[in-house]
Structures are given as C-alpha cells and as structure tokens.
2 protein chains.
Amino acid sequence: MVKHKTPPPGTAHGEPEFVEMLRKRAAIPRGSTVVLGIGDDCAIVRPRRSSDDLLYTTDMLIEGTHFLRDTHRPEDAGWKALARGLSDIAAMGGEPQFCLVSLALAGWTTGYWVERFYDGLLALAGQTGTALIGGDLAATDRLICDIVVGGTVPRGQALRREGSRAGDAIYVSGQLGGSARGLETRRGAAWQRHKRPEPRLALGRFLRERVGATAAMDLSDGLSLDLHRLCAASGLRAEIEAPPMFPAATLEQALHGGEDYELLFTAPPGVRVPRSFRGLPLTRIGVMRRGQPGRVDFDGEELPRGGWDHLSHR
Amino acid sequence: MVKHKTPPPGTAHGEPEFVEMLRKRAAIPRGSTVVLGIGDDCAIVRPRRSSDDLLYTTDMLIEGTHFLRDTHRPEDAGWKALARGLSDIAAMGGEPQFCLVSLALAGWTTGYWVERFYDGLLALAGQTGTALIGGDLAATDRLICDIVVGGTVPRGQALRREGSRAGDAIYVSGQLGGSARGLETRRGAAWQRHKRPEPRLALGRFLRERVGATAAMDLSDGLSLDLHRLCAASGLRAEIEAPPMFPAATLEQALHGGEDYELLFTAPPGVRVPRSFRGLPLTRIGVMRRGQPGRVDFDGEELPRGGWDHLSHR
C-alpha cells in the first residue's frame, strides 16, 4: 500500500497534496478502533482487548503498468500481485494472515491463464501462511488485480515511517536497482528479481524484535522517493551515500528504480545492526539529520526525487 | 462480496465451479484465525481472545458495468462503491468499521470528478461510522474502484447463508425490482434506488439480535439467483410466491433484477417477524423445504436463475 501515490490525471494537485486532502477528509470516527489511517505502508486497527494490532494494505496490479502480458507468465503476475502487499506487511514488522483478491479480467484472459495466475499467487500465499479468504471477479478491458492483505503485529509495536530520530543510521536490505535493470534487459537474475520480488517478512520481524528499528518502509517506488517519504513522515532530512547496487544495475537504477521491495529502515546510533540477516546484506547508507523535512542529500547535494512513476511504465 | 460470481471469459467452468475450484485450492493454514473463507457475503476472522469476529468483503465498481459516466454523478458512483460492501456487512448482521479504497482512474477522470466521487463515498462512510483508512491509486482505461470493508460482529453470531432449516419461512425486506426498473427508465424513485442503494445495516443487526434469523444474504444479483445460492448453501430448496414489487417494476424485474441491496433472510416457523422495521416492509415470500439443494420453485414451477449478470450490462 503506497497509499494514493499517483495524482489523479487532470488535477492540479500532486501526490502529497492528494494524500493530504484524503487524510484530512477521512476523519476517523470517535470511539473507532483505528490507530493509524492513510499514509503509511499499512493501516493499523486495534480491536478491543486484543493483544495484537491488525495491519491492512491494498495494492493494485495492472496489466501494462505492473506486468506485461507478453513477457510475464501468469504465475509471475499472481506472485507479484501478492508480493506487493506482503512487502507492506513486512515493512511494519508484521505477520501476514489472509488476503482478498479482486480480479477484473480482460477479454484476452482464458480460464487457463486465471488458474496459472492463482498457481503463482497461492504458491507465495502457502509459503507465507497467508489464507485466501475471499474476493470479487468482474470483466473489463485490461487485467487488474487488487489485493488486500491483512496481518498482525503485537499491540503498539508496528514499525512506522514516522519514528526516526536525528542521528539514527539509515540502512537498506539487499541490493538496489535490480528490478529496474531487469525491466531494461528482460533477462538474468535482474529480470527474475523484477518478476518475483521476495517480501522481506522474516527481516521485518527481526527489525522489530531484535534490532529495535525506529522506522521502516518497503522500497516500492525507488530509494530517492521512498526515503523522502520516510524523512517527511519523521520531520527530518537524510544524508546518504551510494546504496549497494544489484549486479549490472546503474547508480541511477539503484537510486531511483522502483519495485525492489527491499526494506529501508533506521536504527539508533548505538545499535549494532548485523552486516547480514540470513544471507541478505544489511548496509548502512547514511544518517538522519535535523533540517528541511523530506530533503535527501546524496554525496553532499540534494537528490532529486526521480522515483518510479508506475503511470509512465505502461 | 458476491464472491467470484462471474466465470472467467473463455473458461469452461461457470461461476459455481470457479468458486469451488478456488475454495478447494485456498486451503486455510493450520492454526489460522480464519473461521469462514470464500463463499458467503463476507469472510470471518476470529482474532485470539477477541469477543468480536471480524468481517471482510471486497467489491469492484466498474465504469460501464456498475455505473455509467454519462448518467451517474461522481457522488453517486462513490456512494454506490461503498454501499455494495456495506450491504454485505449488513447481510451478516455486522457493524462496519473501516474501508480501503483502490481507485484505477481512466484518462477522462479529472481531479474534480475524483473529489466529488469521495464526496459521495465519505457521506455514506460518515453516516455509517466507516473510517476510510487506506487505499491505492493508479491509472488505466476505464474507471475501476475496488473497496474492502471491514466490520465486526459478536463472536460466533454472524448471519450466514448456510444456517437455514427445512420449514423456515423466507422473507425479503423492502420492494424488489426498483434498481432494474430505474436502469430501464433512468428516472424517478426507481432511478434513485439504482444510483443510491441503502445498505440495510440496522435491519441486519435487528435480524441477528431480535429475530434470530437462521440465514441471511443481500440481494445484489437478483432474487432468483441469490435465493438459489442461499438454498444451495443450506442444502435445501425453496418455494416462493411473488415478492413485493417496487412501484412500476415488473414481476420479471422483481424476480431477476439485480442491485436492490435488500436483505433476504429465513426465520424459524415459530418466530413472529414484524411486518416492518423502521418503516421498511418485511414480507414473507415462502418456505424452505427438503429437496434438491438450490432449487427454487415459484408458484409451483421451477424458477430459472435469470439473475443479474453484471457483465452483460455495460
């Protein structure tokens, strides 16, 4: 759930204004169990007397934008549709519980395609303990899949974007730019990374339970844009150096390429963060500073937010 | 959530086979908190130690299928998008808590249209205590809105389709065929009914708390198809007479027209169901019988399932 990230076409507002407009209008009713509404990777709901908070995220997967019929197998599209939501649950340090899948089928879609789509989706669901509990089915011009994932996290312990403090170190998992590189070359490990992103669920729980991360989010729209969002939510700026790059990815792809689904997180300066977690590198790339909220400096200069615009990749 | 109601184009299976295929494949993991998965108006989840069960439903609203750009104001589309999910919560006797709204915008969509869409959606959300807690935004060819609604119901007390017993009386709320009539004439009270359906939330709670209804569902796809589903879920057949008709609606529209969003329910023969609830008529239309599961007899002859096919109404 990269909540309402793209501005409506034809509107004067950009994305932050649109999210802000919605957040202001979407008043949480008195006595509601809602703890956190629009604006983070997941919304948080706290049922009365529950020891767990509930996490919810929703993500659309659109033909031509998030997958291409000619180059993505249906299993890959199904996998990715669910992986995007699971990555949001990972970013909050949560455990996925269930999903609901709405599918609007295009004229070209066959029953065989749909079954293979569910093969990919259910393979990832099975690996992660996510139950498919419902959905809706309709027809339209271009295949669209909208998935809601529900998860749990111990009460009050979700990792949020807004918890970072000045002086905290900034880390990323894995290597960045792989998905953008894969989309360019359509082959090798980078293409596999693009088609089958791995939601970092175990890492998210580790960051919450063991590292004491102060803030976290997943990298869906590119480091420059996503780190800007984390900084803005925390009211701070960031200073970073080059992140670890996926083999053959360019610095541009590592800084601005989307859909890597690695985790971006911050930890207090005194915390010893291991160099890797189950073989996945954890790399310190910078530090949070007081200053203009949302600003990101790279090698001493302000980094433009060249993040992934899903709308331009059709 | 009329879960996976339409078959994928190009597939050999019809809708019941598709839902059954998904239900079989969508195994609920061991130790899961999921009580009820695919196949009813809502899925049911029971958090550990919670006194409430959680209800989830998801529904897509598609331009050209569920609303027409030329004839539906954006406020009406936003209202209806949420009303469909709330109606599923009502059918289970639940209380809505929150919603997540995914919106795929078409090229024609302006910022002004989107704001007015949210005017309608948030008006209904405010009236029903439903918090808007998140969503996603993207672009495509034809406007699509997918909404998940989450609700609560006291533990173990959700009204389900499967609870009906032989001898139970069958009831409907309100008058049927209004929405189909409205779509035909595009004017008057019937058109208003089509554009602004009223989810029967207070009635759903009343049926659960006071009437002791044995089964319930909402009428989204037409009485003939929806009663067939209730009968199939309960393993029974039904005998009915003509339901109350919306002014100027035909019998055909009352029996087969979709999108009335009234409630269909059953109650034991000894229960005295009032003739109306807060001005809304409650009418006995028949009785549940042992026999071929899913069969519906109308005036002594088997009623064909001519229910609403959303796909044929573009």
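Everything discussed here concerns the structure shown above.
First, a word on scope: everything that follows refers to the structure included in this document.

## Some thoughts on the sheet that holds strand 6 (residues 144–154) of chain A
Residue and element names in this part refer to chain A.
Part 1: The strand order across the open sheet built from 6 strands is 1-2-3-6-4-5, with neighbouring strands paired in mixed fashion. Either end of the sheet is taken by a strand with one partner, and the two such strands are strand 1 (34–36) and strand 5 (131–139). Geometrically, the sheet is characterised by an average inter-axis angle of 20° between neighbouring strands, direction not taken into account.
Part 2: The strands touched by helix 2 (residues 74–91) are strand 3 (52–62), strand 4 (95–105) and strand 6; relative to strand 3, the strand with the most contacts, the crossing angle is about 145°.
Part 3: Across the sheet, helix 3 (residues 111–128) is in contact with strand 3, strand 4, strand 5 and strand 6; its angle to strand 4 comes to roughly 170°.

## Some details on the side chain of B:Ser234
Residues and elements named next belong to chain B.
Part 1: With respect to the helices and strands, Ser-234 occurs in helix 7 (residues 223–234).
Part 2: From its side chain, Ser-234 meets the backbone oxygen of Arg-161 in a polar contact 2.7 Å long.
Part 3: If sequence neighbours within four positions are ignored, Ser-234 has contacts with Arg-161, Glu-162, Gly-163 and Ser-164.

## Quick notes on the sheet that holds strand 5 (residues 131–139) of chain B
Residue and element names in this part refer to chain B.
Part 1: Reading across from one edge, 1-2-3-6-4-5 is the order of the 6 strands in this open sheet, with mixed pairing throughout. Here the strands that pair on one side only, and so sit at the sheet edges, are strand 1 (34–36) and strand 5. The average undirected angle you get between the axes of adjacent strands in this sheet is 20°.
Part 2: The pairing of strand 4 (residues 95–105) with strand 6 (residues 144–154) spans 9 bridges and is antiparallel. Each residue of the ladder has a partner; that of Cys-99, found in strand 6, is Val-149.
Part 3: Helix-sheet contacts for helix 2 (residues 74–91) involve strand 3 (52–62), strand 4 and strand 6, and the interaxial angle to strand 3 is about 145°.
Part 4: In the packing of helix 3 (residues 111–128) onto the sheet, contacts are made with strand 3, strand 4, strand 5 and strand 6, and the angle to strand 4 comes to roughly 170°.

## Regarding the interface of chain B and chain A
Part 1: Contacts between chain B and chain A engage 70 residues on the former and 70 residues on the latter.
Part 2: A combined buried area of about 5900 Å² lies between chain B and chain A, and 62% of that area is made up of carbon and sulfur atoms.
Part 3: A:Arg142 is paired through a salt bridge with B:Asp141; the nearest N and O atoms lie 2.7 Å apart.
Part 4: The tally of links from chain B across to chain A stands at 17 residue pairs in polar contact (both at pLDDT 80 or more).
Part 5: When contributions to the side of chain B that touches chain A are tallied by element, the ones reaching two or more residues are helix 1 (15–25), strand 2 (43–45), strand 3, strand 4, helix 3, strand 5 and strand 6 of chain B.
Part 6: The greatest single-element share of the side of chain B that touches chain A, amounting to 9 residues, is contributed by strand 5 of chain B.
Part 7: Its residues assigned to classes, the side of chain B that touches chain A comprises 38 nonpolar, 20 polar and 12 charged.

## Some words on the environment of B:Leu105
All names here are of chain B.
Part 1: Among the secondary structure elements, Leu-105 is positioned in strand 4.
Part 2: On the basis of relative accessible area, Leu-105 is assigned to the buried category, the value being 1%.
Part 3: Measuring from C-alpha to C-alpha, the distance between Leu-105 and Arg-142 comes to 6.8 Å, with 37 residues separating the pair along the chain.

## Some points on the relation of the copies chain B and chain A
Here the second copy of the chain follows from the first by a rotation about an axis and a shift along it.
Part 1: Overlaying chain B on chain A yields an RMSD of 0.0 Å, the required transformation being a rotation through 180° with an accompanying axial translation of 0.0 Å. Each copy turns onto its partner about a two-fold axis. No C-alpha of chain B lies nearer the rotation axis than that of B:Ser50, which sits 3.0 Å from it.
Part 2: When the interface residues of chain B are mapped onto chain A, 100% of them are again interface residues, pointing to one common binding face.

## Points about the pattern of salt bridges
Part 1: If you walk through the whole model with that rule in mind, you get 48 salt bridges over all chains.
Part 2: A salt bridge links A:Arg25 to B:Asp119, with the shortest nitrogen-to-oxygen separation between them at 2.3 Å. Highlighted residues: A:Arg25 in helix 1 (residues 15–25) and B:Asp119 in helix 3, drawn from two different chains.
Part 3: Taking relative accessible area as the criterion, A:Arg25 reaches 29% and is therefore assigned partly exposed.
Part 4: Here B:Asp119 falls in the partly exposed class, since its relative accessible area comes to 34%.
Part 5: One salt bridge connects A:Arg69 with A:Glu63, and the closest N-O pair in it is separated by 3.4 Å.
Part 6: Here A:Arg69 falls in the partly exposed class, since its relative accessible area comes to 40%.
Part 7: The class of A:Glu63 is buried, set by a relative accessible area of 10%.

## Observations regarding helix 2 of chain B
Residue and element names in this part refer to chain B.
Part 1: The end-to-end C-alpha distance of helix 2, which contains 18 residues, comes to 26 Å, matching closely the 26 Å that a straight helix rising 1.5 Å per residue would cover.
Part 2: With 18 of 18 residues buried, helix 2 is to be regarded as a mostly interior element.
Part 3: Backbone geometry just downstream of helix 2 places Gly-93 in the positive-phi region, at approximately 75°.

## Looking at empty space enclosed by the protein
Part 1: Tallied over the entire structure, the rule returns 6 cavities of 30 Å³ or more.
Part 2: Considered as a void within the structure, the largest cavity measures approximately 150 Å³ in volume.
Part 3: Every residue lining the largest cavity is counted, 17 residues in all, and those nearest its centre are A:Asp52, A:Leu54, A:Thr152, B:Thr33 and B:Pro47.
Part 4: Sorting elements by how many residues they give to the lining of the largest cavity places strand 3 of chain A first, with 4 residues.
Part 5: When grouped by side-chain class, the residues that make up the lining of the largest cavity number 8 nonpolar, 7 polar and 2 charged.

Cut-offs used in this document
- Residues numbered from 1 in each chain as written.
- Chains lettered and ligands numbered in written order.
- Predicted model: local features only at pLDDT ≥ 70, side-chain atom pairs only at ≥ 80, totals over all residues.
- Heavy atoms only, no water.
- Pairing = 2+ DSSP bridges.
- Helix = DSSP H or I, 4+ residues; strand = E, 2+ residues; numbered from the N terminus.
- Axes fitted to C-alpha atoms, helices over the stretch in contact; angles between N-to-C directions.
- Contact = heavy atoms within 4.5 Å.
- Polar contact = N/O pair within 3.5 Å; in protein donor to acceptor, adjacent residues only side chain to side chain.
- Buried area = accessible area lost by both parts, 1.4 Å probe.
- Salt bridge = Lys/Arg side-chain N within 4 Å of Asp/Glu carboxyl O.
- Nonpolar A, V, L, I, M, F, W, Y, C, P; charged D, E, K, R; others polar.
- Buried < 20%, exposed > 50% of the residue type's maximum accessible area, 1.4 Å probe, protein only.
- Least-squares fit on C-alpha atoms with pLDDT ≥ 70 in both.
- Expected span 1.5 Å × (residues − 1).
- 1 Å grid on protein atoms, 1.4 Å probe; cavity = no way out; pocket = protein on both sides within 12 Å on 5 of 7 lines; lining within 4 Å.
- Points joined across faces, edges and corners; volume = space filled by probe spheres on them.

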